[in-house]
Amino acid sequence: MGVALTRSAQWTAAGYGTRTLEITPLNEAILKEIIMFVESFIYKHPQEAKYVFVEPLEWKTNLDPSAFESGYIVSETTVKSEEVDKDGQPLLSVSVPHIKVRSFGQLSRLLLIAKDTKLKEAQACIEANRDPVTKILGLDYNTKKEDTSVVNILDKITKDEDPESEIKMKLGMLLKQLDLHLLNHSLKHISLEICLKPTIVKNDIELLKHFSGKGEQTVLESIDYTSDYEFSNGCRAPPWRQIHGEICYVLVKPHDVETLCITCSAEGVFLNGGKTDDEGEINYERKSEIYKDLVTFLKEKSAKFSENMSKQDVRFSGEWKKKEALKEAPKKEEAAALQKALPASGKSVLEKNQINFGKSQMTKRLEPSLNWKATVDFKNKSAEKIEEIISGSSSESEEDEEPPDHRQEANVDLPSEYWQIQKLVKYLKGGNQIATVIALCSMKDFNLAQETCQLAIRDVGGLEVLINLLDTDEVKCKIGSLKILKEISHNPQIRRNIVDLGGLPIMVNILDSPHKSLKCLAAETIANVAKFRRARRAVRRHGGITKLVALLDCAQNSGELAQSSLCDARDVEVARCGALALWSCSKSYMNKEAIRKAGGIPLLAGLLKTSHENVLIPVVGTLQECASEESYRAAIKAERIIENLVKNLSSENEQLQEHCAMAIYQCAEDKETRDLVRLHGGLKPLASLLNNTDNKERLAAVTGAIWKCSISKENVTKFREYKAIETLVGLLTDQPEEVLVNVVGALGECCQEYENRVLVRKCGGIQPLVNLLVGINQALLVNVTKAVGACAVEPESMMIIDRLDGVRLLWSLLKNPHPHVKASAAWALCPCIQNAKDAGEMVRSFVGGLELVVNLLKSDNKEVLASVCAAITNIAKDQENLAVITDHGVVPLLSKLANTNNDKLRRHLAEAISRCCMWGRNRVAFGEYKAVAPLVRYLKSNDTNVHRATAQALYQLSEDADNCITMHENGAVKLLLDMVGSPDEELQEAAAGCISNIRRLALAIEKARYT
């Protein structure tokens, strides 16, 4: 703990008083970790918590004696703990404001008593006790000395004759572990911190000045430095403040708030105490959180700035590009001059340097700027971008954004491992074969999962050496190099560096090696590296997919593939590693196709028969990724893979269960697959897995599989038998959105049947469903509106929905920007209007509701239009509502939609026209807006539902003489005569009625002609 507080914690500069901890995010993080350690100490280590410190920890406390209750003797100004040491001295004593604590047990209780002020108490304790370990264990355990290894602590304690030596040993080990934890935590915190530079800050301020001034459209009224003097390093802060990383101070006047005095520092941007009124000096104390850059800070503080910035983004991007172009021009001229000046022999060196420069630029740390809009350089990268778009798929969200490249800062104190690794890399570079192998073995002994060790290898050029070793003929060197690369390639930055240095083609070539251990290591490393699009593309381009598929054939000489009894253990391991790499690569569409063409599906199907769970997980994971493509789903059925997926649902391995459920979810889009899941007994294990809610990833996969399987009615019956519907209702609360989307989707399918609607209502499922209507997740809203609409078919459920204000919430979703949500909400409103007690009055009670529905007829989305037409059909059953929507212009909008070839839209449009004909002169208006002739063409559709709706609409329209003439001219009579013989009674009646009206008009005209 002493080393961490000395080297990682940030202390104020020595002045007249004692040094104190600065108010920084790093210090706050360190204090919180110490608090967590002390708070849990009394429960985790009850024996050690009773140990009495050699010297008490003393500091000034802000706690009032009255805060201490049971277990303490309290007076107005003093507190003593009832717990005492062997000499009768209290383990905690307070004499306001001084406090003394002599055990971890009392420290734990004190933090519990402090509640909200425990951070201040911890800070005061650390500031007053700069070396707490010495006070706890004695002078022999001074952790400020860097030789305090675990061995030294053990040595000191074993020599100690103290009877409490065993407890001391445990305490010493625990405090050493805390020290290491704090150092690692600090390194991670520092690596994530943003480091602003004076040039970046200056550019941001200059650009903001360019867009500031009087007027509503400017981003700011003014922005000015507090000092005109600029030092040679680009800073404007006084030298004694530059020590703290401060760059400059800026006075900013936004349009809507008071003038802000802002500090720009290497750590970020924050609000300071402002200028003093009398002397005009700046109060440097931080008064706000630290923001990553000036623009982010101002967006947070000023709504007007944020609004105007969104309007200025394009212009800002243009200004930024101009500045970058001006910077690049001199560099290009210098490079050209240097190229001419160099002799021929030197040009190759320059070319190599340029290549390395290009690589370093690719991994260069991203810096904040005012160029917020992402831009693409189509001149240089158009071909690559097109291929990326083609090869992209829905599963490619993972790590597709390349993160900033964090380099270790020169002034950061680093652990000794960092420097030891760098020495080993030097041996790798200059040593002979034996020295190289020894250096590789030594490097492998370090904790390569630790980011510090990973970055140490990269920072000193170790990656290039390790990749070069893969090109040698020495198998031992290759194995050692791959073992290290496999471990460190879990780091996203290292992955990208490996690709930049051309490591993937070499690893792909190693897949042809006769040495199985080399194949395994190469495949595993490829699996780690191929987590982003560029790497996956590189594997495919260099023939890696075909070679990885070949690794799956672990029984080449046997009659049956992948039977574990016929495979050597090493062959099974090769297949596992191959499947692992294919799993990573299968996140792109083109790689999926390459796997299929290489014959990967039969081999994956064969491997599913193995009993090795560590093989099954990557195999099922690959199938799960690939099952998103229709061609794969057909092949999965043909290879009888569903049976094995169902069998592995009963495995005890949670990860395997998750991937099997996910694969079923992907495949169950197809009816035949849903039936296969049922026939192979897959529904029961899916239903039973719903009861295990701790593993959310598995729960999301299982509920997804149940949702897709519920599309088939036979499966819904089985789920009801297995009590799955009641369990699904119980999952409607306190679950992540990924689970809720699937749960609600499954209930939406189940509630298509009457028995299940009743079951959901009796289990109290209506209220949580209605509560979910206020969310913002698009997929969840689509599913929940469908489920609520299905429940609304039952009158009793509809009463509950109405009482919970569910219809109003559904109506408000018609304003949602996503067309799928609008359509689903409109479909759900149909049964609500049909089954509400006083539907007409309820609809009219929504202010602006009818106008909103009518305006949705202007949408370009066919599903939205069909659903809105269906809603209008139900709304128009009430005469008052029909009159209102007529005034809002429903007739011309419906008429405009008549020329459509979409049968779903045709059906609901015809029904809406039929209903709207029953008000005023709407029949005549439909004729005037040319809606009749297109309707006649609907009769040529192959859909009986379209025929019925169209015949009913034509029957209503035929009440007007002009419409009858239009129908006759467009051949409606012949088409309607054929439908009079239909088995559908409603269609018969409507067709006959329409023909009757046309014939009656014809007779009237004939009669008028002869009289």
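Residues numbered from 1 in each chain as written. Predicted model: local features only at pLDDT ≥ 70, side-chain atom pairs only at ≥ 80, totals over all residues. Heavy atoms only, no water.

## Concerning empty space enclosed by the protein
To keep things clear, this is the line we draw: Using a 1 Å grid laid over the protein atoms alone, points where a 1.4 Å probe fits but cannot get out form a cavity; open sets with protein on both sides within 12 Å along at least 5 of 7 lines form a pocket; any residue with an atom within 4 Å of a point counts as lining. Grid points are joined across faces, edges and corners, and a volume is the space filled by probe spheres set on the points. Helix and strand assignments come from DSSP, with helices taken as H or I runs of at least 4 residues and strands as E runs of at least 2, each series counted from the N terminus. For this scheme, ten residues count as nonpolar: Ala, Val, Leu, Ile, Met, Phe, Trp, Tyr, Cys and Pro. Four count as charged, namely Asp, Glu, Lys and Arg, and the remainder, Gly too, count as polar.
Scanning all chains against the criterion turns up five cavities of 30 Å³ or more. Quantified by volume, the largest cavity comes out at close to 210 Å³. Lining the largest cavity are 19 residues, with Ile 34, Val 38, Leu 107, Cys 125 and Ile 126 sitting closest to its centre. Going through the elements one at a time, α2 (25–44), β1 (57–60), α4 (104–114), α5 (118–128), α6 (132–137) and α8 (165–192) are the ones with two or more residues in the lining of the largest cavity. Looking at the lining of the largest cavity residue by residue, the classes come out as 18 nonpolar, no polar and one charged.

## Description of the packing of aromatic side chains
Basically, it comes down to this: Each pair of aromatic rings taken from Phe, Tyr and Trp, with Trp reduced to its six-membered ring, is defined by centres within 6.5 Å and is described as stacked if the planes are under 30 degrees apart, edge-to-face if over 60, and tilted in the remaining cases.
Following the criterion strictly, the structure yields 10 aromatic pairs and no others. Aromatic side chains Tyr 249 and Tyr 284 sit 5.4 Å apart centroid to centroid with 45° between the ring planes, which places their arrangement in the tilted category. Of this pair, Tyr 249 sits in strand β7 (residues 246–253) while Tyr 284 sits in strand β10 (residues 282–286), and the two are 35 residues apart along the sequence. An aromatic cluster of at least three residues, connected via ring pairs, comprises Phe 37, Phe 41, Phe 53 and Phe 104.

## Brief notes about unusual backbone geometry
Basically, it comes down to this: Classification of residues uses two cut-offs on accessible area relative to the type maximum, computed with a 1.4 Å probe and protein chains only: under 20% is buried, over 50% is exposed, and between them is partly exposed.
Residue Pro 97 follows Val 96 across a cis peptide bond; omega there is 5°. Position of Pro 97 relative to the elements: it lies in the loop between β4 (92–95) and β5 (98–101). A positive phi angle, close to 60°, is found at Lys 723, a residue other than glycine. Turning to its location among the elements, Lys 723 is positioned in the loop between α35 (713–721) and α36 (724–730). In this structure Lys 723 comes out as exposed when scored by relative accessible area, which is 53%.

## So, the confidence of the model for the protein chain
Which entries qualify depends on this criterion: pLDDT: the predictor's confidence for each residue, scored from 0 to 100. Contacts are residue-level and defined by heavy atoms, with any inter-residue pair within 4.5 Å sufficient.
Here the protein chain shows a mean pLDDT of 81. Residues at 70 or above account for 83%. Low pLDDT (under 50) marks residues 143–151, which in the prediction has 18 contacts with non-local residues, meaning those over four places away or in another chain. Counting interchain partners and residues more than four positions distant, the pLDDT-below-50 stretch residues 556–567 has 21 contacts.

## With respect to the sheet that holds strand β3 (residues 78–81)
To keep it simple, the criterion reads: Paired strands, as defined in this entry, are two strands with at least two bridges between them according to DSSP. Angles shown run from 0 to 180 degrees and are taken between the N-to-C directions of axes, each axis being a line fitted to C-alpha atoms and, for helices, limited to the stretch in contact.
Here five strands make up an open sheet; going across it, the order is β1-β5-β4-β3-β2 and the pairing antiparallel. For this open sheet the edge positions go to β1 and β2 (72–74), each flanked by a neighbour on one side alone. Taking each pair of neighbouring strands and ignoring which way they run, the sheet shows an average axis angle of 15°. Judged from the three bridges that link them, β2 and β3 form a sheet pairing that is antiparallel. Residue pairing for β3: Val 74 is matched across the bridge by Val 79. Lying over the sheet, α4 contacts β1, β2, β3, β4 and β5, oriented at roughly 140° with respect to β5.

## Topic: the packing of helix α28 (residues 613–626) against helix α31 (residues 654–667)
Keep this limit in mind: Angular relationships are summarised with four words: roughly parallel below 35 degrees, roughly antiparallel beyond 145, roughly perpendicular across 65 to 115, and oblique for the angles in between. By definition, turning the near helix anticlockwise from the far helix through less than a right angle yields a left-handed crossing, and turning it clockwise yields a right-handed one.
The geometry of α28 relative to α31 is characterised by a closest axis approach of 9 Å and an angle of 25° between their N-to-C directions. Here α28 lies roughly parallel to α31, going by the angle between them. Between α28 and α31 the crossing geometry is left-handed. Where α28 abuts α31, its residues Glu 613, Leu 616, Ile 617, Val 620, Gly 621 and Gln 624 lie against Gln 655, Leu 656, His 659, Cys 660, Met 662, Ala 663 and Gln 666.

## Some remarks on the pairing of β7
Within β7, six of the eight residues are buried, leaving the element largely enclosed by the surrounding structure. When strand β6 (residues 222–225) meets β7, the two strands line up antiparallel, connected through four bridges. Each residue of the ladder has a partner; that of Ile 223, found in β7, is Val 252. Two elements, β7 and strand β8 (residues 260–265), share six bridges in a ladder whose sense is antiparallel. Each residue of the ladder has a partner; that of Leu 251, found in β8, is Cys 261. Count of turn residues in the β7/β8 antiparallel hairpin: six residues.

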